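Commentary on secondary and tertiary structure
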Amino acid sequence: MIQFDSISDFFHMGGYAFYVWLAYGITFSSLAILIVMSARSKRKILVEIAGKIAREARLKESRGINSESKT
Amino acid sequence: MNRGISYTRAFTTLFMRDIKIAIRHRGDIFNPLLFFIMVVTLFPLGVGPEPQVLSRVAPGIIWVAALLASMLSLERLFKADYNDGTLEQMLLSPQPLPLLVLAKVLAHWVLTGVPLILVAPLLAVLLNLESNSYGALMATLALGTPVLSLLGAIGVALTVGLRKGGVLLSLLILPLYIPVLIFATSAIDASGMNLPYTPHLAIIGAILAGSLILAPIAIGASLRVSTN
Amino acid sequence: MWKWLNSYADPERSYNLAGKLLPWLACLAIALIGVGTTWGLLFAPTDYQQGESYRIIFIHVPAASMSMMAYVSMAIASFIGLVWQIKAADWAAASIAPIGAVITFIALVTGSTWGKPMWGTWWVWDARLTSELVLLFLYLGVIALYASFEDKVLAARAAGILAIVGVINVPIIKYSVDWWSSLHQPATIKITEKSSMPMEMLMPLLINIFGFGVMIATITLVRYRTEVLARNGMRPWVRALATKEVAK
């Protein structure tokens, strides 16, 4: 059974609205930040690795050109 | 395996070496001591000179100052040996590493902990400590400062290879110091109220016994990580 | 059994297994926390002493109890990593640490927003509050130590030693703090005893405690996968993944 008579009653929380919603707000926003940061870091790492691969490929290519020009 | 020399000989050699080095660089002994005295003298200036207030907070001030002083002096425990390669020789030697580490920590305690215990009653006079608390103050410092050296050495061993280990060190070891602080100050408080304080001392003694056995192993493992 | 378990220590396999488990655990965590929180906020009866403010309990107690559990699991993972040299355990420990710190922070903040209306102050040096604060410091120490080593194999070992030393200390700290505040603080402050709780309040609380546990496991898997990729950047399978990701 729902313990509150109306929606405004629910948001009022029997006079403790500030504390209850502050607690819930901080909890879910800090969890959201943690989850978003954790989820994003995977792509960041992959992009970093891809950048490294591209750099290595470029290095190899330029070395190949150099050795060809020598012969 | 042939160890060359006996455990006792290895222990005393390393212990005497550290003492000799410290006597040649006297600043290493006196600077933490001066720091300890300075911190304690700053508190009456900060909280006001009323004798009642001072005698109430005296155990806490002396102990917090002792924690900070021991942490400051610990920073150089392995630094010089790490820089000149002595530490690596110690790790390579056939002697058990926890034994060697224990010798170094003991030397450190004799050089910084013991002077601190000797100066503490003098500072307690300045802070107007209850007259029947002096015994408890000396006893808790005598049992507690070796624990500070042992636990602190774990943190130092973990950070010795890092360039900016100093700030990190306080974050690592101050939380571990909390039990010693709590039991020591409550023992002094209890003695001030003419209550028995031996149970508190027994617990600090138990912590000392535990860390005396476990800390050298942890310090040794940390040094192996740091010098890798 | 041992052989079967060992095959999952292979980075690629454990990465794929974590990826397979992830959606299921995520759904379970969202469902549990959703049900627990709605039940707690809307349907649980009002406490006759504390009024509606007690509804903070449905996030405060799960966060507080799971902060301890996360620390213990981090220490166990570090121990496995140190003793048997299983790198996957090191990576798991490294991925739990930041989550544990956030959960501990949540437990502290919700505790103090609950304390303000009930005790009239944001913070008291109560035994539970103090030991929770020390736990946060221990987490931060582990994270800072892990971050300050360039070589992450060494970093994991150093942070692992610290986590294990910390886990030996946690009961001592807890006990000493309990004892200390019982000397200094008169017993005027008491958090409602759990055993006296009616079923309608206990059920959503238990659901949320379980939900927080599953959520921690889920985020750990997400971070673990990232950690595996970051530590295995030279392996061909990671490189293939990276080129695929960029081409997308």
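Residues numbered from 1 in each chain as written. Chains lettered and ligands numbered in written order. Predicted model: local features only at pLDDT ≥ 70, side-chain atom pairs only at ≥ 80, totals over all residues. Heavy atoms only, no water.

Some remarks on the UniProt feature "transmembrane region" (unreviewed entry) in chain B
For clarity, the cut-off: UniProt positions are given in the numbering used here, feature names are shortened, and annotations may be inferred rather than shown by experiment. Secondary structure elements are defined from DSSP: runs of H or I of at least 4 residues count as helices, runs of E of at least 2 residues count as strands, and each element is numbered from the N terminus.
The UniProt record annotates "transmembrane region" (unreviewed entry) at residues 29–48, 60–78, 99–124, 136–160, 167–188 and 200–223 of chain B. Secondary structure over residues 99–124 of chain B splits into 100% helix and 0% strand, and the C-alpha atoms at its two ends are 36 Å apart.

Digging into unusual backbone geometry
Under the convention used in this document: Per-residue accessibility, obtained with a 1.4 Å probe over protein chains only, is compared with the maximum for each type, and a residue is labelled buried under 20%, exposed over 50%, and partly exposed between these values.
Phi is positive for Asn128(B), which is not a glycine, with a value near 60 degrees. By the secondary structure assignment, Asn128(B) is in the loop between helix H6 (97–126) and helix H7 (134–159). Here Asn128(B) falls in the partly exposed class, since its relative accessible area comes to 36%. The residue Gln85(C) is not glycine, and still its phi comes out positive at about 55 degrees. Within the secondary structure, Gln85(C) sits in the loop between helix H3 (57–84) and helix H4 (87–119). On the basis of relative accessibility, which here comes to 54%, the residue Gln85(C) falls in the exposed class.

Quick notes on H4(C)
All names here are of chain C. Counted only if it meets this: Multiplying 1.5 Å by the residue count of a helix minus one yields the expected span of that helix.
Taking 1.5 Å per residue, 33 residues should reach 48 Å; H4 reaches 47 Å between its end C-alpha atoms and fits that length. For H4, the buried fraction is high: 26 of the 33 residues fall into the buried class. Once H4 ends, the next one or two residues include glycine 120, with phi positive near 85 degrees.

Focus on the interface of chain C and chain A
What counts, and what does not: Any two residues whose heavy atoms approach within 4.5 Å are treated as being in contact. Here, a salt bridge means any Lys or Arg side-chain nitrogen found within 4 Å of an Asp or Glu carboxyl oxygen. Contacts described as polar in this section are N or O atom pairs within 3.5 Å, which, within protein, must combine one atom able to donate a hydrogen with one able to accept it, while residues neighboring in sequence count only if both atoms come from side chains. In the scheme used here, Gly and all other residues not listed as nonpolar or charged are polar, with Ala, Val, Leu, Ile, Met, Phe, Trp, Tyr, Cys and Pro taken as nonpolar and Asp, Glu, Lys and Arg as charged.
Chain C puts 46 residues into the contact, and the matching count from chain A is 34 residues. Applying the counting criterion to the chain C and chain A interface returns 1 salt bridge. Ionic pairing is found between Arg239(C) and Glu56(A), a salt bridge with its closest N-O pair at 3.2 Å. The tally of links between chain C and chain A comes to 3 residue pairs in polar contact (both at pLDDT 80 or more). Of all the secondary-structure elements, those providing two or more residues to the side of chain C that touches chain A are helix H2 (11–43), H3, H4, helix H7 (199–231) and helix H8 (236–247) of chain C. For the side of chain C that touches chain A, the element with the most residues is H4(C), which contributes 11 residues. In the side of chain C that touches chain A, the residues fall into 29 nonpolar, 10 polar and 7 charged.

Looking at the arrangement of the chains
Here the protein chains form 2 pairs of chains in contact, of which the pair with the most contacts is chains A and C. In this view chain A stays clear of chain B, with the nearest C-alpha atoms of the two still 23 Å from each other.

Quick look at the pattern of salt bridges
Side chains that differ in sign of charge can pair as their charged atoms come close. According to the stated counting rule, one finds 7 salt bridges over all chains in the structure shown. As a salt-bridge pair, Glu227(C) and Arg231(C) come within 2.8 Å of each other at their nearest N and O atoms. Residue Glu227(C) and its partner Arg231(C) are both found in helix H7; the two are separated by 4 residues, about one turn of the helix. Overall, Glu227(C) belongs to the buried group, its relative accessible area being 14%. Owing to a relative accessible area of 31%, Arg231(C) belongs among the partly exposed residues under this scheme. What emerges from the salt-bridge pattern is a single network uniting Arg17(B), Asp18(B), Asp81(B) and Lys104(B).

Quick look at a nonpolar patch on the surface
For clarity, the cut-off: Note on patches: the residues involved have over 30% relative accessible area and no salt bridge, like charges join within 9 Å, and the nonpolar side chains Val, Leu, Ile, Met, Phe, Trp and Tyr join within 5 Å. Accessibility throughout is a Shrake-Rupley quantity obtained with a 1.4 Å probe, and a residue counts as covered only by protein chains that appear here.
Taken together, Leu212(B), Ile213(B), Leu214(B), Ile217(B), Ile168(C) and Ile172(C) make up a surface patch of nonpolar side chains, about 530 Å² in accessible area. Listed by contribution, the elements that provide at least two residues to the nonpolar patch are helix H9 (198–226) of chain B together with helix H6 (152–184) of chain C. Ranked by residues supplied to the nonpolar patch, first place goes to H9(B) with 4 residues. Turning to its location among the elements, Ile217(B) is positioned in helix H9.

A short note on the nonpolar core
Convention followed: For our purposes a nonpolar core is just a set of buried Ala, Val, Leu, Ile, Met, Phe, Trp, Tyr and Cys residues, chained together by side-chain atoms within 4.5 Å.
Counting 103 residues, the largest nonpolar core has Phe36(B), Phe78(B), Ile219(B), Leu223(B), Met74(C) and Leu145(C) as its most contacted members. No other element matches the 14 residues that H6(B) contributes to this core. Each residue touching Ile219(B), except ones within four places of it in the same chain, is listed here: Phe78(B), Val101(B), Val105(B), Leu150(B), Ala153(B), Ile154(B) and Ala157(B). Ranked by size, the runner-up nonpolar core spans 37 residues in total, among them Leu34(A), Ile33(C), Ile106(C) and Phe212(C).

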